[in-house]
Amino acid sequence: MVRATRVTNSIRAMRAEHGDLTQAELAERLGVTRQTVIAIEQGKYSPTLEMAFQIARVFGVSIDDVFNYPE
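Quick look at the structure, then. (Residues numbered from 1 in each chain as written. Predicted model: local features only at pLDDT ≥ 70, side-chain atom pairs only at ≥ 80, totals over all residues. Heavy atoms only, no water.)

**With respect to the overall build of the chain**
At step 1: A tally of helices and strands in the chain yields 5 helices and 2 strands.
At step 2: Its helices and strands taken in sequence order, the chain reads β-α-α-α-α-α-β from the N to the C terminus.
At step 3: On C-alpha atoms alone, the chain measures out to a radius of gyration of 11 Å, which is about the 11 Å that the 2.2 N^0.38 rule sets for 71 residues.
At step 4: Overall size of the chain, expressed as C-alpha extent along the three principal axes, is 30 × 25 × 20 Å.
At step 5: For the chain, buried positions account for 30% of its 71 residues.
At step 6: Here the chain displays about 4,900 Å² of accessible surface, and carbon together with sulfur accounts for 51% of that area.
At step 7: When the 8 basic and 9 acidic side-chain charges of the chain are each reduced to a single mean position, those positions are 8 Å apart. (Helix = DSSP H or I, 4+ residues; strand = E, 2+ residues; numbered from the N terminus. Rg over C-alpha atoms; globule rule 2.2 N^0.38 Å. Buried < 20%, exposed > 50% of the residue type's maximum accessible area, 1.4 Å probe, protein only. Areas by Shrake-Rupley, 256 points an atom, 1.4 Å probe, with all protein chains shown as cover. Lys, Arg positive; Asp, Glu negative; His and termini not counted. Charge placed at Lys NZ, Arg CZ, Asp CG, Glu CD.)

**Digging into the nonpolar core**
At step 1: Core analysis: the biggest nonpolar cluster contains 15 residues, and Ile11, Leu26, Ile40, Ile55, Phe59, Val66 and Phe67 have the highest contact counts within it.
At step 2: Those elements giving two or more residues to this core turn out to be α1 (11-17), α2 (23-30), α3 (34-41) and α4 (49-59).
At step 3: A per-element tally of this core places α4 first, with 5 residues. (Core = buried A, V, L, I, M, F, W, Y, C linked by side-chain atoms within 4.5 Å.)

**Focus: α2**
At step 1: For α2, every residue scored as buried is listed here: Gln23, Leu26, Ala27 and Leu30. All buried residues of α2 project into a common sector of 100° when viewed along the axis, lining one side. What points out from α2, more than 90 degrees from its buried face, is the exposed set Glu28 and Arg29.
At step 2: Among the structural elements, α1, α3 and α4 are those in contact with the buried residues of α2.
At step 3: Immediately downstream of α2, the backbone of glycine 31 shows phi near 75°, a positive value. (Arc of directions from axis to C-beta. Contact = heavy atoms within 4.5 Å.)

This is the structure in structure tokens:
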């Protein structure tokens, strides 16, 4: 059984704020599959540090604005 990560994210909300960017469009910009974006959004998969920075850059924000790790 796959355990969900404790890292949360605001990717879904940011996609909506950026002109209803679809999961497929975001995946294409990142060079990954739509299924990878779905898994990240749902907290089932933590992206690599490099991909986390790429996601933040797509939205023009800092990595802390996209991802949160509870204390």
